[in-house]
Every structure is written in C-alpha cells, then in structure tokens.
Amino acid sequence: MKLLEVDGLSTHYISAGGTRVTRAVDKVSFSLDARGTLGVVGESGSGKTTLALSLLRLLPPAARIVGGAIRFEGDDLLAKSDVEMRRIRGKRMAMILQDPMASLNPLFTVGDQVAETLRAHEHVTRRNAWTKARDLLAAVRIAAPAQRVREFPHQLSGGMRQRIVGAIAISCEPRLLIADEPTTSLDVTIQAQYLSLLRDLQREHGLALIFITHNLGIVAKMCDSVVVMYAGRLVESGPVRQIFNSPAHPYTKALIESIPRLGDSTVRLTAIDGQPPDPSALPSGCAFHPRCPKAMERCRIEAPPNVEVGKSQMTACWLWAP
Amino acid sequence: MKEGTTPVIEARHLTKHFPVRSGLFSRPTGFVSAVDDISFGIDTGRTLGVVGESGCGKTTTAKLVLKLEEPTGGELLFEGKNLQTHDVEEVRLYRRSVQAVFQDPYASLNPRMRISAIITEPLITNERTTSAQANDRVEHLLDVVGLPRRSASLFPHEFSGGQRQRIAIARSLALSPKLLVLDEPVSALDVSIRAQILNLLRDLQIQLGLSYLFIAHDLAAVAHMSHTIAVMYLGKIVEVGEANTVAKEPKHPYTQALFSAALPSHPDDHREGIVLAGEVPSPLNPPAGCRFHPRCAFAMPRCSTEIPALQLVEGREVACHLFPTQ
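The residue count restarts for each chain, going from 1 along the sequence in the order it is written. Chain letters start at A and ligand numbers start at 1, both assigned in the order the entries are written. Since the coordinates come from a predicted model, pLDDT governs what is reported: local features require at least 70, and pairs of side-chain atoms require 80 or more to be given and counted, while whole-chain, interface and lining totals use all residues.

Asker: Outline the overall build of chain A, listing residues and values.
Answerer: Here a helix means four or more residues in a row that DSSP labels H or I, a strand means two or more in a row labelled E, and each is numbered from the N terminus. Helix and strand counts for chain A come out as 12 helices and 12 strands. With the principal axes as the frame, chain A shows a C-alpha extent of 65 × 50 × 40 Å. Partly exposed residues are those whose C-beta has more than 12 but fewer than 20 other C-beta atoms within 10 Å; with 20 or more the residue is buried, with 12 or fewer it is exposed, and the C-beta atoms are placed from the backbone. The burial tally for chain A puts 47% of its 322 residues in the buried class.

In structure tokens:
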C-alpha cells in the first residue's frame, strides 16, 4: 500500500461574490511510498504551496477542495472531520514552512513550542515533554540543548531556528513530513547542513518526505521522484534520474536547461520566453502553449491528456499523445 | 587583471569598520570589521563575481564601490585615479559611471512613477535633456532590454518580476555607465525568468563593453557570469582567481566547502560532500589569525595566531597557511 495517494485533486480559490474562480490546483494525481522522497517543483503561482496545504487541509477560507481524493495510510483525508484532521496534523503528517521566524512564536521559549506539539498529541506530563524537547533539540544537532531549550527564537540564528521547526515537526514521529521551501532563507553551507540533517532524520525515523520547491538542485540532490507543476496542473511526473535524463514535457526540458552549471560558463543558457501566466487568467488549452517552442494548433484549443511516456513517467503534452 | 591596462575600478587594501555604539552617550564600544583589507580590480568588459555567506562583506563591498559608504581605510581607484582626491565634478562623473541593479525589482521601482519617468530620472538629475531627447532615450533603452516601447506609459504594477528587472536594468543604463554593480540581480525572480535576465546581462556586456561587479549567493550563477571570482569570508578575500579555475578546483578549505555545498544540476552530479560544522562567527569579534580556522578541518596551531596573506597557488591567489610561502 502506498503511504499517500492523491487522485485528481482540484483546489480552487473562489472570490467573495463567487464570480471569479482560480484553479490553483487542477486534477493533480501522484503517489508516494513510505520512506520515499518526492519533490514538487514549480514557479510562483504554479499551485505547489496550495497543493501542500490541501494535503494538510490547512487552506485559507477562500479555497475549496472541489474534487479528487487524498488517501493517507489508507484513510480518506477529505472525509475526515476538522477534529479528526487536527489529530492527524502534527502527529501523522507534519510540515516545515519557509520562514522559521514566522513559524515560531517570539513570546515563547523554544522548549515551550516543541513541548506544545507533544502535549497536544500525546499523554505526557509537562516535565516529560520538556525532557523530550531537549532530546529533540539534540536530535536536530543543536549544541548545548539543555541551555537552548530555555531560549527564545530571537536568540538563535536562522539555521538554528529552522532546526527547531524541524524538531517540532518530528516530535510526534510522523510518517510524512512536508517541507515547503525549507532552505530558501538559509545560506549555502547552512542549507547543506539542513538537507543532510533532513536526510538523517528520514533514515532514523523512517519518514517520507515531500519537498515543495522551485529549486531543481534540491530535487536532484534529495528526491527519488518528482512532480513538475505549471499553472496548477501537473505537467510531468516520474523518477528523478529518468526525468533529468529524458524530460518529456518541453517545460521540464527548458527548466533543466535553464540552470547554470558549475564550471561551465561558455554555453549560453536556454531561456524560456515570456513569463508564468496569471493563475486567475490562464491561457486556453495547454497553459504552457504561449511559451512553448513546440506549440501546435491543438495546444491552443484543448488541454492535453496525461500520457505514460516511460516506466512510471507521466506527462501532459500533446507531443506525446497517441 | 592584465598587465599594462588600467582597470575601470581598483580597490587597494579597502577596509570598512562600523562602530558599535552602546551606553548613555553612545560611545563606540567596538567595531564590526565588515570589509578588511581587500584588493581587487575589474577591467573593461569583465565581470568580477563575489561569493560568500551572509555577513561576509559582499554587500558592504558593493556599497563602497557605489560610494554609498566611505571606506575607513585603503583606497578605491577609478580609471587609475584615487577617489579620495576627486573634486566635486569628478565625483559627479564617477556616480554617473557606476550604476546599480538591486535584488528586489518590487522595491526598487517607485510604484507611482510611469516607466518613462523611472528611466529618465537619472537623465534629468544629471544632464540637461530636452523631453524629445529623453523620449528617444527611453525608447532606445526599452529596445535594448527587450521590452515593448509602449511600456513607457505604464506603471510598475503592470509588469511581472522579470520585466521589472529589465526596467531596473534600463534605468541603470540611462547614463551610459562603465560599471554596473549587480547585487543579487536574479534571486528574486522565477526560475524560468532567471536565464532570460542572465543572458540579457551577458549580451549587454558584450554590446556596451560594460564591467560588472556581480554579487550573488547562487554559486552556479556567479560562476556562469564571471571572469574572475573572489570568495569572501568574514570581510576577507580568501581566494580569488579565474572563474572556472576557482569553481572547478578550489584550493582554500572554505572555497572547497562552499562549492561542495552548492546544489547539483543533475542527480548523478555527486560532489564530495564537505559539510561545514557550525555557523559564520559574528564579525564583531572575528576569530584571531585566519578567520576561518574554528570551522576549518585542516586548522593548524599557526592558523589561530597568524593571518594568512594571499599568495599565488596554481594560477589563483589563496590566503591559507596550508600552502607554504614561496
């Protein structure tokens, strides 16, 4: 059994009068094995964060899940009540957000915040929760945890704060950890430290990881499989190495070719013309067609179907449609 | 730097200390040495890339070059002439010759000005231009950065991030500068747009013979854009040399760790992972000797007492005691 199965998930933002509908996530399907690592790649407005929030059912009031199914450890998450969801969030699946300063409360000590999650989900005494909090700080490789546990977020560096957020996320030993741009605000060497920490935690606790990122480098370094999103739709998915070696969708291909490579400054970068579309006013047919070098008449009219192009590699492109 | 040519800009032993004040009469109680005794030069049509982590002094270096900060020591030479000895007129000329493009095009463009006004503002403040001349100039600059001419009458909110960065570049070119300071010019942009802007900057450099001071934390982008790379750590240059040499075979232990931490561009691209322990120490009390020694895997007793000087090692300069002085 798969740990997580997402089938045809659609999440729309509906404006106050109900007049304007933004298809932030449109019929997205993918699955993730236990202990697997999935990368969800996309630019701003591609719907990757809305997708992550849909999995946790933490959407803002204007957003609705209008279709599809999310099965997590065999449970249908869309059928759960809010109370049941609260028991799942933080316990069976947890999330790390981009900005650690915004996800920590500046008025409480680090220990309070790590212990809060434990106390919410497990029957532990305050004292035991604090002891466990200290162990968790040690688990995320924070030096002098006994002292740090009594400190406030402003006393810690950015890298340490992000470790604290990581400690909170793993405190109840979840099966699935969703990391939304976890290292964007960190320096390169601190990013490397954090990624290797996440990998160690994954190994030690048997976690499955979902990386929501705009950075293909993180996908190349960390993930086994990848989902590429564009304008709310899944344009390509499959095993990471296969997608880097033979991307099927022109968008994926262009994205891979547009990143500069270290020590190779002679080649001109392949740029993608134009800019990502406004999610509330998407082009007709395939949303990528105005920027696509291989666009055909058909792409303008009809949205492409999902086609299997290789072993567990899917793409939504008319070039591959039978 | 090639022998015999005068670099557009040259820094000699450039130093910037910020006083830290505290107490009742805000007496200076210490100094942050943001930039400490650095030297570099940029030739016409070349790019110097500066890499390093936050707090390494790369933005302070940019501010010194832009004359937004005055150095506390050392000197800056513009086309061979010391800036300190410049008179008012020469300083004005310098400010026209050195322009900047900043990270966030949402913050660097005034939302209440039309694009034409944004681009002509430097012209109006610096030279006598008729409105017809200014209009011609705006149209020409929009062509140069690849935006439609009708953009001139629009406002910044009508443009996407990539287009805004093109407008910021057009504005920086309005006075036909010789040197552009590019401080993280693509990090606020979407991935698919970055390559567009990097390509544009490269084309402009070739067409207009511009020199760039390129600052970014994306190592691959810096390596791609630069002819020379300087690696900074806590206000000091630890390694400097030809871009591909430094990127492919870094010699300083910090450069090695930095480049090994860069994300791969392919899943099969395995670099030997050197994960640095700890974090960059506070520049308020930088470690004695080599500033990198507390995090360095090869530190020797000498490293904590003696500051290493830059010296030539296999075609690039390295400041490290691992390499014996010739």
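Asker: Which residues make up the overall build of chain B, and what are the values?
Answerer: For chain B, the helix and strand inventory stands at 9 helices and 12 strands. To get the radius of gyration, use the C-alpha atoms; to get the globule rule, take the number of residues to the power 0.38 and multiply by 2.2 Å. Rg of the C-alpha trace for chain B: 21 Å, near the compact-globule value of 20 Å for 326 residues, within the 12% margin. By its C-alpha atoms, chain B is 70 × 55 × 50 Å across when sized along the principal axes. Each of the 326 residues in chain B was classed as buried or not, and the buried ones make up 45%. For chain B, the share of sequence-separated contacts (at least 6 apart) that also reach a separation of at least 24 residues comes to 64%. Remark: residues whose backbone-derived C-beta atoms lie within 7 Å of one another are considered to be in contact.

Asker: How would you explain the sheet that holds strand E3 (residues 37-41) of chain A if you had to name every residue and give the values?
Answerer: Residue and element names in this part refer to chain A. Taken in spatial order, the 8 strands of this open sheet run E6-E7-E8-E3-E9-E10-E12-E11, and their pairing is mixed. The open sheet is flanked by strand E6 (93-96) and strand E11 (306-310), the only strands paired with a single partner. Averaged over all neighbouring strand pairs, the angle between strand axes comes to 20 degrees, with direction disregarded. One bridge is not enough; two strands pair if DSSP finds at least two bridges between them. Note that E3 and strand E8 (residues 208-213) share 5 bridges and pair parallel. The residue of E8 that forms the bridge with Val41 is Thr213. Whenever a helix is involved, its axis is fitted only over the stretch in contact; in every case the axis is a line through C-alpha atoms, and angles between N-to-C directions fall within 0 to 180 degrees. Its contacts with the sheet put helix H1 (residues 48-56) on E3, E6, strand E7 (176-180), E8 and strand E9 (225-230), and the angle it makes with E7 is roughly 150 degrees.

Asker: Which residues make up the packing of helix H7 (residues 158-170) of chain A against helix H8 (residues 188-205) of chain A, and what are the values?
Answerer: Residues and elements named next belong to chain A. It is at 11 Å that the axes of H7 and H8 come closest, and there the two elements cross at 15 degrees. The angle between H7 and H8 places the two elements in the roughly parallel class. Taken as a pair, H7 and H8 cross one another with a handedness that is right-handed. Of the residues in H8, those touching H7 at Gly159, Gln162, Arg163, Gly166 and Ile170 are Ile190, Gln193, Tyr194, Leu197, Leu201 and His205. Note on residue classes: Ala, Val, Leu, Ile, Met, Phe, Trp, Tyr, Cys and Pro are nonpolar, Asp, Glu, Lys and Arg are charged, and everything else, Gly too, is polar. Partitioning the contact of H7 with H8 into residue classes produces 5 nonpolar, 5 polar and 1 charged. Convention used here: angles under 35 degrees read as roughly parallel, angles over 145 as roughly antiparallel, angles from 65 to 115 as roughly perpendicular, and any remaining angle as oblique. Crossings are assigned a handedness: left-handed for a near helix turned anticlockwise from the far helix by less than a right angle, right-handed for a clockwise turn.

Asker: I'd like a description of the interface of chain B and chain A, backed by residues and values.
Answerer: Listed by partner, the interface residues are 38 residues for chain B and 36 residues for chain A. When residues of the side of chain B that touches chain A are traced back to their parent elements, those giving at least two are helix H6 (191-208), helix H7 (219-225), helix H8 (243-248) and helix H9 (253-261) of chain B. The element best represented in the side of chain B that touches chain A is H6(B), accounting for 8 residues. A breakdown of the residues in the side of chain B that touches chain A according to their chemical character gives 20 nonpolar, 11 polar and 7 charged.

Asker: An account of H1(A) is requested, with residue identities and associated values reported.
Answerer: Residues and elements named next belong to chain A. With 7 of 9 residues buried, H1 lies mostly within the body of the structure. Inspection of H1 places Lys48, Thr50, Leu51, Ala52, Leu53, Ser54 and Leu55 among the buried residues, and these make up the whole buried set. Where H1 ends, the next residue or the one after it, Arg57, has phi of about 50 degrees, a positive value.

Asker: Account for the environment of B:Leu201, with residues named and values stated.
Answerer: Looking at the element boundaries, B:Leu201 is found in helix H6. Once the C-alpha coordinates of B:Leu201 and B:Gly235 are considered, the two residues, 34 residues apart in sequence, prove to be 27 Å apart.

Asker: A description of H6(B) should follow, citing residues and the corresponding values.
Answerer: Look at H6(B): 26 Å from first C-alpha to last across 18 residues, which is about the 26 Å you get at 1.5 Å a residue. Among the residues of H6(B), B:Val191, B:Ser192, B:Ile193, B:Arg194, B:Ala195, B:Gln196, B:Ile197, B:Leu198 and B:Leu201 are the ones counted as buried. Contacts made by the buried residues of H6(B) are with helix H11 (250-257) of chain A together with helix H5 (161-173) and H7 of chain B. At the exit of H6(B) stands B:Gly209, carrying a positive phi of roughly 65 degrees. Take the residue count of a helix, subtract one, and multiply by 1.5 Å to get its expected span.

Asker: Hey, could you go over the sheet that holds strand E4 (residues 73-78) of chain B for me, with residue numbers and the actual values?
Answerer: Residues and elements named next belong to chain B. Sheet architecture is open: 4 strands sit in the order E2-E1-E4-E5, paired in antiparallel fashion. Strand pairing shows two members of the sheet lacking a second neighbour, strand E2 (27-42) and strand E5 (81-82), which therefore form its edges. The strands that helix H1 (residues 58-65) touches are strand E1 (9-22), E2 and E4; relative to E2, the one it contacts most, it runs at about 75 degrees.

Asker: Tell me what's going on with the pairing of strand E1 (residues 4-14) of chain A, and back it up with residues and numbers.
Answerer: Residue and element names in this part refer to chain A. Sheet analysis places E1 next to strand E4 (residues 63-72), joined by 8 bridges and oriented antiparallel. Bridge assignment links His12 to a residue of E4, and that residue is Arg64. Strand direction decides the pairing type here: E1 and strand E2 (residues 21-32), joined by 8 bridges, are antiparallel. In the sheet register, Glu5 faces E2, and the bridge partner there is Ser31.

Asker: With reference to specific residues and values, describe the pairing of E2(B).
Answerer: Residue and element names in this part refer to chain B. As judged from the 11 bridges shared by E1 and E2, these two strands associate in the antiparallel manner. Looking across to E2, one finds that His17 is bridged to Ser33. Between E1 and E2, which pair antiparallel in sequence order, lie 4 residues; one of them, Gly23, sits at a positive phi of approximately 90 degrees.

Asker: I'd like a description of the environment of B:Leu182, backed by residues and values.
Answerer: For B:Leu182, the position within the fold is in strand E7 (residues 179-183). Judged by the 24 C-beta atoms lying within 10 Å of it, B:Leu182 is buried.

Asker: Got a sec to walk through unusual backbone geometry? Specific residues and values, please.
Answerer: For A:Lys27, which is not glycine, the phi dihedral falls at a positive 50 degrees. For A:Lys27, the position within the fold is in strand E2. Residue classification places A:Lys27 among the partly exposed positions, given that 17 C-beta atoms sit within 10 Å. Phi at B:Glu79 takes a positive value of approximately 50 degrees, unusual for a residue other than glycine. Within the secondary structure layout, B:Glu79 lies in the loop between E4 and E5. Among the residues examined, B:Glu79 registers 13 C-beta atoms within 10 Å and is labelled partly exposed.

Asker: How would you summarise the environment of A:Gly42 if you had to cite specific residues and measurements?
Answerer: Residues and elements named next belong to chain A. Turning to its location among the elements, Gly42 is positioned in the loop between E3 and H1. The class of Gly42 is buried, set by 27 C-beta atoms lying within 10 Å. It is 31 Å that separates the C-alpha atoms of Gly42 and Arg141, two residues lying 99 residues apart in sequence. Excluding its chain neighbours within four sequence positions, the residues that come into contact with Gly42 are Gly47, Lys48, His214, Val228, Met229 and Tyr230.

Asker: Break down the packing of helix H3 (residues 115-126) of chain B against helix H4 (residues 131-144) of chain B for me, citing the residues and quoting the values.
Answerer: Residues and elements named next belong to chain B. Packing of H3 against H4 brings their axes to within 10 Å, and their N-to-C directions diverge by 115 degrees. As for the relative orientation of H3 and H4, their crossing is right-handed in sense. Residues Ser116, Ile119, Thr120 and Leu123 of H3 form the contact with H4, whose own contacting residues are Ala134, Arg137, Val138 and Leu141. Residues of the contact of H3 with H4, tallied by class, amount to 5 nonpolar, 2 polar and 1 charged.

Asker: Account for the confidence of the model for chain A, with residues named and values stated.
Answerer: Values of pLDDT, the confidence the predictor places in each residue, fall between 0 and 100. The share of residues in chain A with pLDDT of 70 or more is 99%, and the mean pLDDT across the chain is 92. Per-residue pLDDT, averaged within each element of chain A, yields its smallest value for helix H3 (residues 100-103) of chain A (85) and its largest for E3(A) (97).

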